Each structure stands twice: as C-alpha cells, then as structure tokens.
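Reading the structure
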Amino acid sequence: GVTRLLLTRIPFFKEIIVSSFACDSCSWSNTEIQSAGRIQEQGLPAPLGILTPLPGCRLQDMNREVVKTDCATARIPELDFEIPAFTQKGVLTTVEGIIDRAVAGLEQDQPVRRVTDEEVASKIDEFIGKLKQLKEVHSSFTFIVDDPSGNSFVENPHAPQKDDALVVTHYRRTPQQAAMLGLEVTGSCHCCQRARALLPQVLQFNTNCPECNAPANTNMKLVQIPHFKEVIIMATNCDSCGHRTNEVKSGGAIEPQGTRITLRITDPSDMTRDVLKSETCSVEIPELEFELGMGALGGKFTTLEGLLKDIGELVERNPFTLGDSSAPSKTEKLHEFLGRLHEIVEGKAKAHFIMDDPAGNSYLQNVYAPEEDPELKVERYERTFEQNEDLGLNDMKTEGYEVEGALGR
C-alpha cells in the first residue's frame, strides 16, 4: 500500500501530521494524526457542552473539528461512556465522527455476541441506540477530551470570539500521567536558584530553531521590573532563517490572590506601556468581543502595541482562516476584527484592555508610578476552586509533609 503524510495547521491551535494509508489490493484504508510539536507543559481537558437546539436550528456543534491524540481520553458523562487512552490511534475528525467511530467499534462483534451471549448483545444494542440519538442532539450532553500531553483540540467556531459552550482548562500532570507519557518528573527549583545566583549575568545555552531546526543560541536573564517583581526573560535568535522569539517566566512564587488589570485606552501613548503577560494570564477586549485564553501566546514581556500586534498576527497567519480554503463569511468577519484591532493600535478607537491572571504574575505599566493612574485599575481577588485546580494548588501541601513522609516510610 501507499502511505501519504501531510503537515497541516489547525486554526487557532498548532501543526499536526495527518497520515493516510490506502491498499489497492483489498481497498482497506486508514488515517491517523500525530502532533508535530512537543508535549505541552500542562495537560488539557477540553469539555464541550452541547446544548439542545431550538426547532429549526442546525446541529452545528456536531460538526466541530476534534483533534484527539492516542494518549487522550474521550468521555460522555451522561452515558457513563469513555474511550480510554491508547485504545485508538490519533485522529482528526468531528464530534459526530468520534461518536460514529464508537458505534462502529461496538457493532463490529455484535453478530457473534448475539449467538454467544444474547443478553449482553441486547444491552449493547440499547447503548448503541443512545449513542445514535446523541448525534441528533435530542437531549443535552457533555463531550470531554482529556489529554495529559496537551495536544488535543476542540474547534471554537466563533473564534477569535469566546465560545460559551467550550471550556478549556489546563492542569498539571500527575506523576502517573508523566510516567505514562515517558516523561521524567523533575522540578525547576534548581534552575531558578542558579539563575538567581547569576542575576547580573546573561546565561546562554545551545538549542535548535523552532522554525528551521538549525543550531541556535538562547539567552536567559533574570530582570527586576520596577514596582513589580523579578522575571526570567528568554530570547532566541536564529542566524540561519532569521527567526526570533522571546518568552517570559515568572521569577517568583504564585501570589496569594489573583490579579485583574483593566486599562482604558484613551490616547496613542498608551501603546508604549510595558506589559508582562504570564502564561496563566487571559486577555479580554470587550469592545471587540475578544478573549484570549490562558496559555495562548505564552509568556511575553513587551509593550501594549506589541502584544496587540501579536494577537493580530495570531489571526492573520492562520492559512485556514484567511486563505483560499476559508469560508467567505468567516474571512469577512476576521477582516473586520483585524481592522478594528488596527484602529485601536493606531489610537483611532477607544477600548478597554483587561488582563486576568489568577496567579497574580502579570503586569501593566503605571506611567504615573508611584502615584495612581486614572486610566488603570488593579483588582485583587480570591481565586475560585477551579482556578486553584488549574494552577495545581489544591493538591499542593507546603506544611507538615515531612512528618507524613516519615510515617509513610
């Protein structure tokens, strides 16, 4: 047979490799996907609540694209149904396709079951009927993809706007999940201690360019931001292809409270304000009905203009959203969004820029410091249980663990 490989990019996600095999002798064919990137730092459960449609509405939620890796678990809690990890190859499909694949797997051995165990076959037939009813969305249900590698994806058809039916939550992998992925569980505290000891110096280490894979150098330095805290800035420059990237990591602990920063953009000079966006920070622009979830764009230390331009490039560089294969209605909608975003960058339109960081490690410059800024509002709030769960704080114990460890031994 013949195997074909295609490297493609999922809009608002990442690149994946689609593998397709076809045999001319028996006509058997198969497709599977593999992530073209590294395992993410955090796992990704992506629950999708599908609501019962009104009469006359189309079942659009069933057409959402789904990237399910082979280490991901798919669940439908309402039916107590689960597709365990490593029982299927990775696949690029839709919500309906996941259900169809499950139905096909259950129906495969039904003729034999009806002969050997008619009672079990009858129960499976009943369950298959319930799965088929889900495709018609006769009742609401929840579709969950839980991927400890962080490389699974469920489409947001309203991108770049927020989708109220889609909730993406990042979590820290357990040692068992890390072992399942073949990862060694190590802490980063020693690296942070070494970086702190070498505060005045710029550390340099060898790496590979993420674009062309040529040898490159990454510079790392611990920097003190005035009126804030220490951060670690990492910058990579590739001499072969010219690719440049920078990333920011917090140099301190998670704050006791979350931080919500609201800036009212009223003047072009606001674009020059320094911005530190951590990996746990989400960004919202209410006037554009836009929300950027935590983890997107990674950590950045730039200006407000630079961050808004990065958001624009995130939309523009998606070939499926603005390329030849995109739908005209979606293309027009995204062009309108980019135009309004450009007006805000040029100071032609006023807007509110909101940064919400449950870890409290994000920062927006106060140009009147140490006095109060009339256009800048900083709120501290108590994190919810879900936010503490995302940050891995609910299971973290910092007192009394020595005694428990000694008793365990």
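Structure: above.
Quick look at the structure, then. Keep in mind that this is a model prediction, so the values were computed, not measured. (Residues numbered from 1 in each chain as written. Predicted model: local features only at pLDDT ≥ 70, side-chain atom pairs only at ≥ 80, totals over all residues. Heavy atoms only, no water.)

Our next topic: the sheet that holds strand S16 (residues 274-277). By way of backbone hydrogen bonds, the strands of a sheet pair with one another, either parallel or antiparallel. With antiparallel pairing, the three strands of this open sheet are ordered in space as S19-S16-S21. For this open sheet the edge positions go to strand S19 (300-303) and strand S21 (363-364), each flanked by a neighbour on one side alone. Where S16 meets S21, two bridges bridge the pair, whose relative direction is antiparallel. Within the sheet, the bridge partner assigned to Leu276 lies in S21 and is Tyr363. Against the sheet, helix H6 (residues 304-316) engages S16 and S19, with an angle of about 110° to S19. (Pairing = 2+ DSSP bridges. Helix = DSSP H or I, 4+ residues; strand = E, 2+ residues; numbered from the N terminus. Contact = heavy atoms within 4.5 Å. Axes fitted to C-alpha atoms, helices over the stretch in contact; angles between N-to-C directions.)

Counted under the stated rule, the structure contains 15 salt bridges. Measuring nitrogen to oxygen at the nearest pair gives 3.5 Å for the salt bridge that ties Lys300 to Asp310. On the criterion of sequence distance, the pair formed by Lys300 in strand S19 and Asp310 in helix H6 is long-range, its members being 10 residues apart. The exposure class of Lys300 is buried, given its relative accessible area of 13%. Connected through salt bridges with shared partners, the residues Arg260, Asp356, Lys377 and Glu379 form a single ionic network. (Salt bridge = Lys/Arg side-chain N within 4 Å of Asp/Glu carboxyl O. Buried < 20%, exposed > 50% of the residue type's maximum accessible area, 1.4 Å probe, protein only.)

The subject of this paragraph is the packing of aromatic side chains. Across all of its chains, the model carries two aromatic pairs by this definition. When the ring of Phe81 is compared with that of Phe127, the centres are 5.6 Å apart and the planes differ by 40°; the resulting orientation is tilted. Within this pair, whereas Phe81 is found in strand S7 (residues 81-83), its partner Phe127 is found in helix H3 (residues 118-135), the two being separated by 46 residues in sequence. Seen in terms of ring centroids, Phe290 and Phe337 are 5.3 Å apart; in terms of plane orientation they differ by 40°. Their pairing is tilted. Of the two residues, Phe290 is situated in strand S18 (residues 290-292) and Phe337 in helix H8 (residues 328-345); the sequence distance between them amounts to 47 residues. As far as burial versus exposure is concerned, Phe290 and Phe337 are alike and both buried. (Phe/Tyr/Trp six-rings, centres within 6.5 Å; stacked < 30°, edge-to-face > 60°.)

Another point: the side chain of Asp310. Judged by relative accessible area, which is 18%, Asp310 ranks as buried. If sequence neighbours within four positions are ignored, Asp310 has contacts with Leu297 and Lys300.

This next bit is on the state of the cysteines. Going through the model one piece at a time under the given rule, you end up with zero disulfides. Residue Cys26 stays outside any disulfide, its sulfur separated by 3.7 Å from that of Cys23, the closest cysteine. (Disulfide = S-S within 2.5 Å.)

A few words now on the nonpolar core. With 28 residues, the main nonpolar core has Ile285, Leu304, Leu308, Phe353 and Leu364 as its most contacted residues. Every element with two or more residues in this core is listed here: strand S15 (258-265), strand S17 (282-285), S18, H6, H8 and strand S20 (351-357). Discounting residues that sit within four places of it in the chain, Leu308 has contacts with Met271, Ile285, Leu341, Ile344, Val345 and Phe353. Formed by 23 residues, the second largest nonpolar core is a distinct cluster that contains Val66, Phe81, Ile98 and Ile128. (Core = buried A, V, L, I, M, F, W, Y, C linked by side-chain atoms within 4.5 Å.)

Reading across the sheet, the five strands line up as S18-S17-S20-S15-S22 and stay open at both edges, with antiparallel pairing between neighbours. Edge strands, defined here as strands with exactly one partner in the open sheet, are S18 and strand S22 (376-381). In this sheet, neighbouring strand axes are inclined to one another by 15° on average, regardless of whether the strands run parallel or antiparallel.

Attention now goes to unusual backbone geometry. You will see that Asp80, though not glycine, has its phi angle at about 55°, which is positive. For Asp80, the position within the fold is in the loop between strand S6 (73-76) and S7. Residue Asp80 is classed as exposed on the basis of its relative accessible area, which comes to 73%. Here the phi dihedral of Phe86 falls at roughly 65°; this positive angle occurs in a residue that is not glycine. What makes Phe86 partly exposed here is its relative accessible area of 47%.

Secondary-structure assignment places Arg383 in the loop between S22 and helix H9 (385-390). The buried charged residue Arg383 lacks any salt bridge, with Glu382 as its nearest oppositely charged partner at 6.9 Å. Among the polar contacts made by the side chain of Arg383, one reaches the main-chain carbonyl oxygen of Pro256 at a distance of 3.4 Å. A polar atom in the side chain of Arg383 sits 2.9 Å from the side chain of Asn388. Excluding anything up to four places from it in sequence, Arg383 contacts Ile254, Glu255, Pro256, Gln257, Gly258, Pro358, Ala359, Asn388, Leu391 and Leu393. (Lys, Arg positive; Asp, Glu negative; His and termini not counted. Polar contact = N/O pair within 3.5 Å; in protein donor to acceptor, adjacent residues only side chain to side chain.)

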